[in-house]
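# Examination of the molecular architecture
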Amino acid sequence: MKTQTADVAIVGAGIVGLACAYFLARSERTPKIVVIDPLAPMSLTSAASGENYRNWWPHPVMTRFTDYSIDLMERIARDSDNAIHMTRRGYALATRQADPDGLLRQLHDGYGADGARKIRTHGKGSSAGYRPALSADWRAAPDGVDVIQDRATIDAHFPTFAKDIATVLHIRRAGDISGQQMGSLMLRTLRERGGLLVPGRVIEVARDTRFALTVEGQDGRATVAADILVNAAGPYIGQVAALIGESLPVTTVFQQKIAFEDVRAVIDRRMPFSIDLDAQTIDWTDQERTLLADDPDTAWLTRPMPGAIHCRPEGGERGTWLKLGWAFNTTPSEPSDDLPYLRSFPEIVLRGASRLNPGLKAYYDHLPSRLSHYGGYYTMTRENWPLIGPMKTPGAFVAGALSGFGTMASCATGALIAKWVGGETPPDFALALSRQRYEDDALMKALLESGNTGVL
């Protein structure tokens, strides 16, 4: 059996595993790194990323975490002449609530002490201070959030939105990147610094003075011996943890998206990544609703549905594609390389998204032939915070449970793992993102009682 030796073995070659490898390879220790995955780099869930980023969450710990990650992504963008295609038109969170007190409290909670400075309210007739997202240049965009409640301002700067939208929360330190380009850059850096990619699935882990990982690939079995093990296996982090006799408090939920060519040009190409926050019932005809309700397998499609439907222009101002997503599935399932697609999802998400952008109704039952239906697993803790840091087993670390925010948080995750592995002191928010938070009863009680996990 062939044996490969390394200082650090990273299980998982998705964006999080590659980010861990990237920041470890650039650290002062410059360890020898082996990344192990049975699939090609940046496949499975990483290939289905929405590729969006934002710095607002309902809790300041997550806000600081994603601010840290955005800082690192901006550094990569500067150093690489923006090879990662970073843009920053923001997130536009839309609601029909004229007085969204709960949302405003979440804004203030998320920004903490900075809330008073960062939150700008534009009520009726008071739009003079609002700066629209005329440019996608991340270096020129403002910070904070604009709360827009002036009808004329919404009409002028969000012209495709439905006329019943009463409030838009424009999160400004937000936008999109090319996750695939960032992953490629990280993999190239790893290889330039002597790192290796080993194709295969880890099926056994033994621990004596070092870790011995048995890897099963197309050419048989091999062993990777390493001092440090980083579990960055995405939806499989639970299975990898079990190989060293541990369990992690995570579940996996399959979520789907579509992308298609906007041949009718119904969406403004300068529209920020937009989310309809409001719950709804799907826009079916009376006949369709009756047929769906009569079938036990489809009756759920006639009942109230959660909000948070996504719509984003894809490919910049000169592009022609759109992305739509709706993370309405809440049923955990075991991860599989054979993805459990819902065949009717494209029509479901289209009809849901048309409530915020009514122009999308032009595609009812006529979605373009150039369409991609894809999906991936949200691996999450109950409170929807990641697990980043030491495991119980000495020398083992976990980097995972980044449900739906893996791309935007990958840089911070990789940098934190590099600090944990190197014995450096991580930022003070890092403890709350590790397993140690489960020893803080007050924090966990507050998170679980808040009712808002930041899933968008």
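All figures in this text were calculated on a predicted structure; none of them were measured in a lab.

### Considerations on the packing of aromatic side chains
The relation between two aromatic rings is expressed through the spacing of the ring centres and the mutual angle of the planes. Inspection of the entire model under this criterion finds 12 aromatic pairs. Taking the centre distance of 5.0 Å and the plane angle of 85° together, the rings of tyrosine 22 and phenylalanine 23 count as edge-to-face. Taken as a pair, tyrosine 22 and phenylalanine 23 share a single burial class, namely buried. A connected cluster of aromatic rings, assembled from ring pairs, spans Trp300, Trp326, Phe328 and Phe345. Stacked on the ring of phenylalanine 211, the Lys or Arg arginine 207 has its end atom at 4.6 Å from the ring centre. Its end group placed over the ring of tyrosine 364, arginine 351 keeps NZ or CZ at 4.3 Å from the ring centre.

### Points about the packing of helix H1 (residues 15-25) against helix H10 (residues 406-422)
Relative orientation of the contacting elements H1 and H10 amounts to 40°, with a least axis distance of 7 Å. Accordingly, the angle class assigned to the pair H1 and H10 is oblique. Like other packed secondary-structure pairs, H1 and H10 cross with a definite hand, here right-handed. Between H1 and H10, the residues in contact are Ile15, Val16, Ala19, Cys20, Phe23 and Leu24 and Gly406, Thr407, Ser410, Cys411, Thr413, Gly414, Ala415, Ile417, Ala418 and Val421, respectively.

### With respect to the nonpolar core
Proteins that are soluble and globular tend to have nonpolar side chains buried together. Core analysis: the biggest nonpolar cluster contains 77 residues, and Ile10, Phe65 and Met186 have the highest contact counts within it. In this view, phenylalanine 65 contacts Pro386, Ile388, Leu402, Phe405, Ala409, Ala412, Thr413, Leu416, Phe429 and Leu433; residues no more than four positions away in its chain are not counted. Ala94, Phe158, Leu324 and Tyr364 belong to the second largest nonpolar core, which has 34 residues in total.

### Some remarks on H1
Within H1, 11 of the 11 residues are buried, which leaves it mostly tucked inside the rest of the structure. Turning to H1, its buried residues number three or more, namely Ile15, Val16, Gly17, Leu18, Ala19, Cys20, Ala21, Tyr22, Phe23, Leu24 and Ala25.

### Section: empty space enclosed by the protein
Using the criterion set out here, one finds two cavities of 30 Å³ or more in the structure. Approximately 60 Å³ is the volume found for the largest cavity. Every residue along the wall of the largest cavity is listed here: Gly50, Asn52, Lys257, Phe273, His310, Arg312, Lys323, Leu324 and Gly325. For the lining of the largest cavity, the secondary-structure elements that each account for two or more residues are strand S15 (309-314) and strand S16 (321-326). In terms of residue count, the dominant contributor to the lining of the largest cavity is S16 (three residues). For the lining of the largest cavity, the class distribution of residues is two nonpolar, four polar and three charged. Lining the second largest cavity we find Gln255, Gln256, Lys257, His310, Gly325, Trp326, Ala327 and Tyr378. For the lining of the second largest cavity, the elements supplying multiple residues, two or more each, are strand S13 (251-261) and S16. If you tally residues by element for the lining of the second largest cavity, the top one is S13, at three residues.

### Considerations on the sheet that holds strand S4 (residues 91-95)
Spatially, the nine strands line up as an open sheet ordered S5-S6-S7-S4-S14-S15-S16-S13-S17, and their pairing is mixed. Two strands lie at the open edges of the sheet, namely strand S5 (119-122) and strand S17 (371-380), each paired on one side alone. This sheet shows a mean twist of 20° between the axes of neighbouring strands, independent of strand direction. For strand S6 (residues 145-148) and strand S7 (residues 167-171), the ladder comprises four bridges, and the chain directions are antiparallel. If you follow isoleucine 148 over to S7, its bridge partner there is valine 168.

### Quick word on the pattern of salt bridges
Summed over the entire model, instances satisfying the criterion amount to 31 salt bridges. For the salt bridge of aspartate 268 with arginine 270, the shortest nitrogen-to-oxygen distance reads 3.9 Å. Take arginine 270: its relative accessible area is 40%, and that puts it in the partly exposed class. Overlapping salt bridges, with partners in common, bring together Glu51, Asp176, Arg312, Glu314 and Lys323 in one network.

### Considerations on the environment of methionine 305
With respect to the helices and strands, the residue methionine 305 is situated in the loop between helix H8 (286-294) and S15. For methionine 305, a relative accessible area of 6% translates into the label buried. C-alpha separation for the pair methionine 305 and phenylalanine 260, spaced 45 residues apart in sequence, amounts to 23 Å. Apart from the residues lying within four places of it in its own chain, the contact partners of methionine 305 are Ala279, Gln280, Ile282, Trp300, Trp326 and Phe328.

### Description of the pairing of strand S2 (residues 33-37)
On any regular strand, side chains alternate: one points to one face of the sheet, the next to the other face. Across the five residues that make up S2, a large majority, five, are buried. Residues Ile33, Val35 and Asp37 line one face of S2 and the alternating positions Val34 and Ile36 line the opposite face, and both faces are buried. Bridge count for strand S1 (residues 2-11) against S2 is four bridges, and the pairing is parallel. Residue pairing across strands places alanine 9 opposite valine 34, the latter belonging to S2. Remark: the S1/H1/S2 crossover connection has right-handed handedness. Pairing geometry for S2 and strand S9 (residues 196-199), over four bridges, is parallel. Within the sheet, the bridge partner assigned to aspartate 37 lies in S9 and is proline 199.

Definitions and limits used
- Residues numbered from 1 in each chain as written.
- Predicted model: local features only at pLDDT ≥ 70, side-chain atom pairs only at ≥ 80, totals over all residues.
- Heavy atoms only, no water.
- Phe/Tyr/Trp six-rings, centres within 6.5 Å; stacked < 30°, edge-to-face > 60°.
- Buried < 20%, exposed > 50% of the residue type's maximum accessible area, 1.4 Å probe, protein only.
- Lys NZ or Arg CZ within 6 Å of the ring centre and 35° of its normal.
- Axes fitted to C-alpha atoms, helices over the stretch in contact; angles between N-to-C directions.
- Helix = DSSP H or I, 4+ residues; strand = E, 2+ residues; numbered from the N terminus.
- Parallel < 35°, antiparallel > 145°, perpendicular 65-115°, else oblique.
- Left-handed = near helix turned anticlockwise from the far one by under 90°.
- Contact = heavy atoms within 4.5 Å.
- Core = buried A, V, L, I, M, F, W, Y, C linked by side-chain atoms within 4.5 Å.
- 1 Å grid on protein atoms, 1.4 Å probe; cavity = no way out; pocket = protein on both sides within 12 Å on 5 of 7 lines; lining within 4 Å.
- Points joined across faces, edges and corners; volume = space filled by probe spheres on them.
- Nonpolar A, V, L, I, M, F, W, Y, C, P; charged D, E, K, R; others polar.
- Pairing = 2+ DSSP bridges.
- Salt bridge = Lys/Arg side-chain N within 4 Å of Asp/Glu carboxyl O.
- Right-handed = clockwise from strand over helix to strand, strands pointing away.

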